[in-house]
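A structural walkthrough
Given next are the chains, with one letter for each unit.
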Amino acid sequence: MQTADFMPDEADIAGIKSNLAAYEAERTSAYRQVRWRVPLFIGLVLVFVALVAWLFNRIADPYEQWFSTPHVLLYVVGLVAAILLYFQAIKPTSTLQQSFRKTLLPIIFGFIQDMRYEHDVTPNSFDRLPRETIGTFSSKRFDDIVSGRYEGFPFELYEADLRQGTGGTIAFKGVVVAFETIVPFPGILVAARRTDKAVGFFRGMFASRMQELSCGVPVLDAAYDFRTDNVEAAQPLVSGRLAQALTWLSETWPDDPARVALNGGDGFLLLPQTKNFFELPDISVPLDYAKHVAPMISDMGAMLATAALVRKIGATDAAAG
């Protein structure tokens, strides 16, 4: 996997920089708007609160001025209004950045065929992701979603934030790459991070239909829970190509073990990560190709190339090419 394989050529870079120049002009204009909109909107709230508080004081008992129940309610309402108006004030910048993503991403990811971009919707493949891979969660949020074809196979890549309980304990936060496998797996096979919580989850809700396997590599067996509902088909993969892929992934994504799942013809690569891969810098910062765009292209290419490797887990050497 070489970075140069998916980096744009000079002509494409020139086109990208042309779009960056157009964005820069709009960014400067939007930033100027925000600089006067924020103090104006917040200032209007402060003036309103101060005026109403003064009127309350005109009729209130001297001992209750400023901290009476009406005053406290007024302050709470003023705080909520200030927060709402703040987001309204910065709306031109968020709208511009979101619009620019829709324009820029298909251009910079030229190595992706039939690329489509969505935001803040549930990905089509998410319902097919085996829950044994991520455990239980009560809330879900999806940020940027990119789909298309890479090296001839369809994929869907999205940023997911899955949390459990009122405390917002993270079940999974990172990037999910869903792809079509070369050879469908006859059942479900997952390699998930081994934790006390995951072990309890597996032994409880899914223990009746999912069996545990070992890959025979002590380091991987200590880091992963291998589970399947088809041991006969899964064991050769777990001991062979899957173990090899996970060993490579542990070197490529060392911070938090990557997770892998096969569900029939669907494959899933989960890369835990707190970073927002498609985030643009603050509207006050000029957008630079080398600093902000090129790393985005490199990250996308690396993730898709990794998915292409994992995709070969269930294939024969001949089929894998």
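Structure first, text after, so check above.
The paragraphs below set out a description of the structure included in this document. As the structure is a prediction and not an experimental result, all values here were calculated from the model.

1. Thoughts on the overall build of the chain
Each helix and strand in the chain was counted, giving nine helices and seven strands. Here the chain, with 321 residues, has 45% of them falling under the buried criterion. When contacts within the chain are restricted to residue pairs at least 6 apart in sequence, those whose partners lie at least 24 apart make up 69%. Surface summary for the chain: the accessible area is close to 16,400 Å², and the carbon and sulfur share equals 57%.

2. As for the nonpolar core
Residues Phe109, Phe226 and Leu269 are the most contacted members of the largest nonpolar core, which totals 63 residues. For Phe226, the contacting residues outside a window of four places in its chain are Val190, Ala191, Gln211, Glu212, Leu213, Cys215, Leu220, Asp221, Val238, Leu242 and Leu246. Among the nonpolar cores identified, the runner-up in size contains 18 residues, and Ile145, Leu162, Phe172 and Val190 belong to it.

3. Brief notes about the packing of aromatic side chains
Tallied over the entire structure, the rule returns seven aromatic pairs. Judged by centre distance (6.2 Å) and plane angle (85°), the rings of Phe111 and Tyr150 are edge-to-face. Taken together, the residues Phe111 in the loop between helix 3 (91-108) and strand 1 (113-119) and Tyr150 in strand 2 (residues 139-150) connect sequence positions 39 residues apart. Taken as a pair, Phe111 and Tyr150 share a single burial class, namely buried. In this structure, Arg131 is placed above the aromatic ring of Phe126, and the distance from its NZ or CZ to the ring centre is 4.5 Å.

4. Some details on unusual backbone geometry
Phi at Asp114 is positive, roughly 55°, even though this residue is not glycine. Of note, the phi angle at Glu151 is positive, near 50°, even though the residue is not glycine. Tracing the backbone shows Glu151 in the loop between strand 2 and strand 3 (153-164).

5. Describing helix 7 (residues 241-252)
With twelve residues, helix 7 extends 16 Å between its outermost C-alpha atoms, agreeing within 8% with the 16 Å of an ideal straight helix rising 1.5 Å per residue. All of the buried residues in helix 7 are Leu242, Ala243, Ala245, Leu246 and Leu249. End-on, the buried residues of helix 7 take up no more than an arc of 160°, which puts them together on one face. Along helix 7, exposed side chains directed more than 90 degrees from the buried face belong to Gln244 and Glu251.

6. Describing a nonpolar patch on the surface
A cluster of nonpolar residues, Val72, Val76, Val80 and Leu84, forms a patch on the protein surface that exposes about 350 Å² of accessible area. Within the secondary structure, Leu84 is located in helix 2 (residues 69-89).

7. Digging into the packing of helix 6 (residues 231-239) against helix 7
Packing of helix 6 against helix 7 brings their axes to within 3 Å, and their N-to-C directions diverge by 40°. In terms of orientation, helix 6 and helix 7 fall into the oblique class. Facing Leu237, Val238 and Ser239 of helix 6, the residues of helix 7 in contact are Arg241, Leu242 and Ala243. Residues belonging to the contact of helix 6 with helix 7 are distributed by class as follows: four nonpolar, one polar and one charged.

8. Some points on the pattern of salt bridges
Tallied over the full model, the rule gives five salt bridges. Here Arg128 and Asp266 are joined by a salt bridge, their closest N and O atoms 2.9 Å apart. Placement of the pair is Arg128 in the loop between strand 1 and strand 2 and Asp266 in strand 7 (residues 259-272), with a sequence separation of 138 residues. Taking the relative accessible area as the measure of exposure, Arg128 reaches 38% and is therefore partly exposed.

9. Some details on the side chain of Asp143
By the element assignment, Asp143 lies in strand 2. One buried charged side chain, Asp143, makes no salt bridge at all; its nearest oppositely charged neighbour is Arg141, positioned 4.6 Å away. A polar atom in the side chain of Asp143 sits 3.1 Å from the side chain of His119. Setting aside residues no more than four positions away along its own chain, Asp143 makes contact with Glu118, His119, Asp120, Glu159 and Asn276.

10. So, the environment of Gln244
By the element assignment, Gln244 lies in helix 7. With relative accessibility at 57%, the residue Gln244 sits in the exposed group. A C-alpha to C-alpha distance of 9.7 Å links Gln244 and Val217, two positions 27 residues apart in sequence.

11. Focus on the environment of Met210
Within the secondary structure, Met210 sits in the loop between helix 4 (196-204) and strand 5 (211-213). Met210 sits in the buried class, given a relative accessible area of 3%. Those residues within four positions of Met210 in sequence are excluded, and the remaining contacts are Glu132, Ile188, Val190, Arg227, Thr228 and Asp229.

Quick notes on the rules
- Residues numbered from 1 in each chain as written.
- Predicted model: local features only at pLDDT ≥ 70, side-chain atom pairs only at ≥ 80, totals over all residues.
- Heavy atoms only, no water.
- Helix = DSSP H or I, 4+ residues; strand = E, 2+ residues; numbered from the N terminus.
- Buried < 20%, exposed > 50% of the residue type's maximum accessible area, 1.4 Å probe, protein only.
- Contact = heavy atoms within 4.5 Å.
- Areas by Shrake-Rupley, 256 points an atom, 1.4 Å probe, with all protein chains shown as cover.
- Core = buried A, V, L, I, M, F, W, Y, C linked by side-chain atoms within 4.5 Å.
- Phe/Tyr/Trp six-rings, centres within 6.5 Å; stacked < 30°, edge-to-face > 60°.
- Lys NZ or Arg CZ within 6 Å of the ring centre and 35° of its normal.
- Expected span 1.5 Å × (residues − 1).
- Arc of directions from axis to C-beta.
- Patch = residues over 30% accessible without salt bridge, like charges linked within 9 Å, V, L, I, M, F, W, Y side chains within 5 Å.
- Salt bridge = Lys/Arg side-chain N within 4 Å of Asp/Glu carboxyl O.
- Axes fitted to C-alpha atoms, helices over the stretch in contact; angles between N-to-C directions.
- Parallel < 35°, antiparallel > 145°, perpendicular 65-115°, else oblique.
- Nonpolar A, V, L, I, M, F, W, Y, C, P; charged D, E, K, R; others polar.
- Lys, Arg positive; Asp, Glu negative; His and termini not counted.
- Polar contact = N/O pair within 3.5 Å; in protein donor to acceptor, adjacent residues only side chain to side chain.

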